[in-house]
Amino acid sequence: MRKRLTEFSLNERAIPFALLFVTIISFGLLIPWLGFYWDDWPVIYMAETQGTDGFREFYQYDRPFSAWTYILFGPILGTTPLVWHLFSLLLRWLTAVILWLSLRSLWPDKPHQAFWTASLFAVAPVFTQQPVAVAYSQHWICFLLYFLSIYWMLRAYREIRRFYLFTALALAASLVQLLTMEYFLGLELLRPVILWFYFRTHQHSATTVQVFRRTARAAWVYILLLAAFIVWRVFFLQLAEADPNQLVFLEELSGSPLTALIHLGQKMIQDFIFLVSSWLAAVKPADIELLRPFSMAALAAAVFAAVVFGLVFGRYRSKEDTRNNLWHRQAMILGVLAILLGTLPVWLIGRQVSVGPLGSRFSLAAMFGLSLLFVGILEWLSPRHKAKLTVICILIGIAVHANLYTAKVYQFSWEKQRGFYWQLFWRAPHVQPGTAFISEGEIFPYVGLYSTSMGLSLLYPPVEIPEKMPHGFFSYSERLYRYPKELAAGTLLLEQRIRNYSFHAMSEDSIVLDFTPELNRCLHLLSIRDESDRDLPGSIRSILPISDLSRIQLEPLDGWAPPTNIFGPEPEHTWCYYYQRAGLAYQQEDWREVIRLMDEARSQGFAPRDMKENLPLLDAYLKTNQIEPALKLSLQIKGLSDKIDDPVCTMWLEASESNPDPAIGPAFG
């Protein structure tokens, strides 16, 4: 058995499966529990309300040719989260495979190094937005096209008989990915360097001058294409609005050249250090919690990935030219250049990888260079194959662990979103179009205000003009705090716009809400009756008079139900379901229905963990003159929480003033 294991080896056919293995274990394990985030929602909103017709106009605002990816794949993939996540995973894997093929063409004598580079690329933890599957599918399509272009470019010189065919394919792939988005524009500048190393590797007897001439003859057509695209993009492209990706650096350079260059150098240094240290930063000791099931599962998956990669795919054996002792120099040079050139467009528009919660999206173009640089450094530090393989396995294990934790946060966000939308539908089966929802702050991680607005608009029946979104979501702490008087008076115009989609409403047409399930609470739609709630921020209490719950209708419009392909199947009916339905009955002053729903919930073993959620039942008891159960519930509330004495006392006071029964006054007194 030991002899068989020793003799066991894998050929190159196993490499795509190895890359698939590390990709799935790193990003695929939590896919069934992931959903939509950030810029996913606009695409899903358009696909659900307009089909493919809305994509062209939407994307003409900054990338008029990028709509093709959604026009092509949108009808195929639909609006189900699982399908989009599988598609994004497939694209990432294919990109890693084509990268591997490109490196095998570039350095045919370095098979292991090509494999390791592609493996690190497949799992690189620096890009933390892989779960934003719909939006970043477009990025992965472009990255795939870029490496296909590199692969076909090199293949054109390997198969001279098909030179023009592969050159045409390479140019076409390059043009399509450039027109779709500019994320990988900087990497196009790598082509002369790649071709230089290619001719150096394949033409050992050629002089430096000969290699230079051959490189120049091969690269000029690609550089010309890039230059033409840049001239068109900067000087001739007409956008519907101001360009969101203006070359800020050129403006600074014309005003103060020295300062602009210093700022550029500072950004380059900061981001380079951030990128190179990303694998180390992914190691978070606080994530190792031995009593937490997910922590143990993530740790087990990371160890499993590292061990399997080492034991199984470490058996990949291929002939390697050990005479090329300078390969590490080429790898490190190309790696550093790929990092710098890949990130250059980001710096030129005044942004950084290391700044802001969305900065990691700018690391995509640097992932190739980062992976190649690490492998080049390993080659430089040690000639021992097993030592290098061990380090690669450790890096893969670290990346798997970090990526699983990243996905877990996105999973929490999706669970919170689904809980919110279904609870809102239970509480408000239909809401008049033109209603703004206001919260203290954003309520979901990795979503954003306009994306939540589109989610709200999809929760209810579509409107005649989808570009005029029927519902909008606003955060008091982000913008509304600047206009407290106008907001509270109901005279503030609430506006929200993303490209050709917009929402407009006066602040008097609002519903104020609080959604903090992490504090063991259900969704609360607030009104002036909640002004004594000490758990609410003062800013929210100040605007409760504008919260108009009368905009909620008792029944869904024409039997409407939220699309389960988007929001998932209706969750199990636990406490929050009964609380929301009771809240709707309470709004209609159907006191007996409130009591019935609450009794049904308790009969099934459900109870609130936030004592405020007993208040509708208490008021219903008092309104129906059920003094004894009201007193019992009041004492229970008082015994479990000292934060809601005021609303309890207020309810008893109102009951005593409106009800002549002499038993009410002393009962709670």
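Just above, that's the structure.
Residues numbered from 1 in each chain as written. Predicted model: local features only at pLDDT ≥ 70, side-chain atom pairs only at ≥ 80, totals over all residues. Heavy atoms only, no water.

J.: Is there a simple way to think about the overall build of the chain in this case?
T.: Check the secondary structure of the chain and you find 28 helices and eight strands. Looking at the 669 residues of the chain, the share that counts as buried comes to 55%. Looking at the chain alone, contacts between residues at least 24 apart form 77% of all its contacts between residues at least 6 apart. Accessible surface, the chain: about 29600 Å² in total, of which carbon and sulfur atoms supply 61%. Separation between the mean location of the 57 positive side-chain charges and that of the 58 negative ones in the chain comes to 18 Å. (Helix = DSSP H or I, 4+ residues; strand = E, 2+ residues; numbered from the N terminus. Buried < 20%, exposed > 50% of the residue type's maximum accessible area, 1.4 Å probe, protein only. Contact = heavy atoms within 4.5 Å. Areas by Shrake-Rupley, 256 points an atom, 1.4 Å probe, with all protein chains shown as cover. Lys, Arg positive; Asp, Glu negative; His and termini not counted. Charge placed at Lys NZ, Arg CZ, Asp CG, Glu CD.)

J.: I keep staring at the sheet that holds strand β3 (residues 471–475) and nothing clicks. Help me out?
T.: Hydrogen bonds along the backbone pair up the strands of a sheet, which may run parallel or antiparallel. The sheet built from four strands is open, its strands ordered β3-β2-β6-β7 with mixed pairing. Unpaired on one side and paired on the other, β3 and β7 (524–525) mark the two borders of the sheet. As paired elements, strand β6 (residues 510–514) and β7 share two bridges and run antiparallel to each other. Across the sheet, leucine 513 pairs through a bridge with leucine 525, a residue of β7. Strand contacts of helix α19 (residues 449–459): β2 (435–439) and β3, with the helix running at about 145 degrees to β3, the strand carrying the most contacts. (Pairing = 2+ DSSP bridges. Axes fitted to C-alpha atoms, helices over the stretch in contact; angles between N-to-C directions.)

J.: Looking at this model, I keep getting lost on the packing of aromatic side chains. Mind explaining?
T.: The way to describe two aromatic rings as a pair is by their centre distance and the angle between their planes. This structure, assessed with the given rule, holds 54 aromatic pairs. Their ring planes at 65 degrees and their centres at 6.1 Å tell us that phenylalanine 21 and phenylalanine 304 sit as a pair that is edge-to-face. Of this pair, phenylalanine 21 sits in helix α2 (residues 15–27) while phenylalanine 304 sits in helix α15 (residues 293–311), placing them 283 residues apart in sequence. Judged by relative accessible area, phenylalanine 21 falls into the buried class, the value being 18%. According to the relative accessible area criterion, phenylalanine 304 is partly exposed, its value standing at 46%. With 6.3 Å between their ring centres and 35 degrees between their planes, tryptophan 41 and tryptophan 414 make a pair best called tilted. Within this pair, whereas tryptophan 41 is found in helix α3 (residues 40–49), its partner tryptophan 414 is found in helix α18 (residues 385–427), the two being separated by 373 residues in sequence. Residues tryptophan 41 and tryptophan 414 agree in their burial class; the two are buried. Members of the aromatic cluster, connected to one another through ring pairs, are Phe121, Phe127, Tyr136, Trp140, Phe143, Tyr146, Phe147, Tyr183, Phe184, Phe362 and Phe368. (Phe/Tyr/Trp six-rings, centres within 6.5 Å; stacked < 30°, edge-to-face > 60°.)

J.: Would you take a moment to explain the nonpolar core for this structure?
T.: Inside soluble globular proteins, nonpolar side chains tend to come together where they are buried. Trp41, Phe115, Phe309, Leu334, Phe368, Phe420 and Leu424 are the most contacted members of the largest nonpolar core, which has 211 residues in total. No other element matches helix α8 (residues 133–158), which puts 20 residues into this core. Not counting residues up to four positions away in its chain, the partners in contact with phenylalanine 420 are Ile443, Phe444, Leu456, Leu513, Phe515 and Leu523. (Core = buried A, V, L, I, M, F, W, Y, C linked by side-chain atoms within 4.5 Å.)

J.: Looking at this structure, I do not really get the environment of arginine 609. What am I missing?
T.: The topology assignment puts arginine 609 in the loop between α24 (591–603) and α25 (615–623). Accessibility expressed as a relative area gives 68% for arginine 609, which makes it exposed. At 3.3 Å, the side chain of arginine 609 forms a polar contact with the side chain of asparagine 520. (Polar contact = N/O pair within 3.5 Å; in protein donor to acceptor, adjacent residues only side chain to side chain.)

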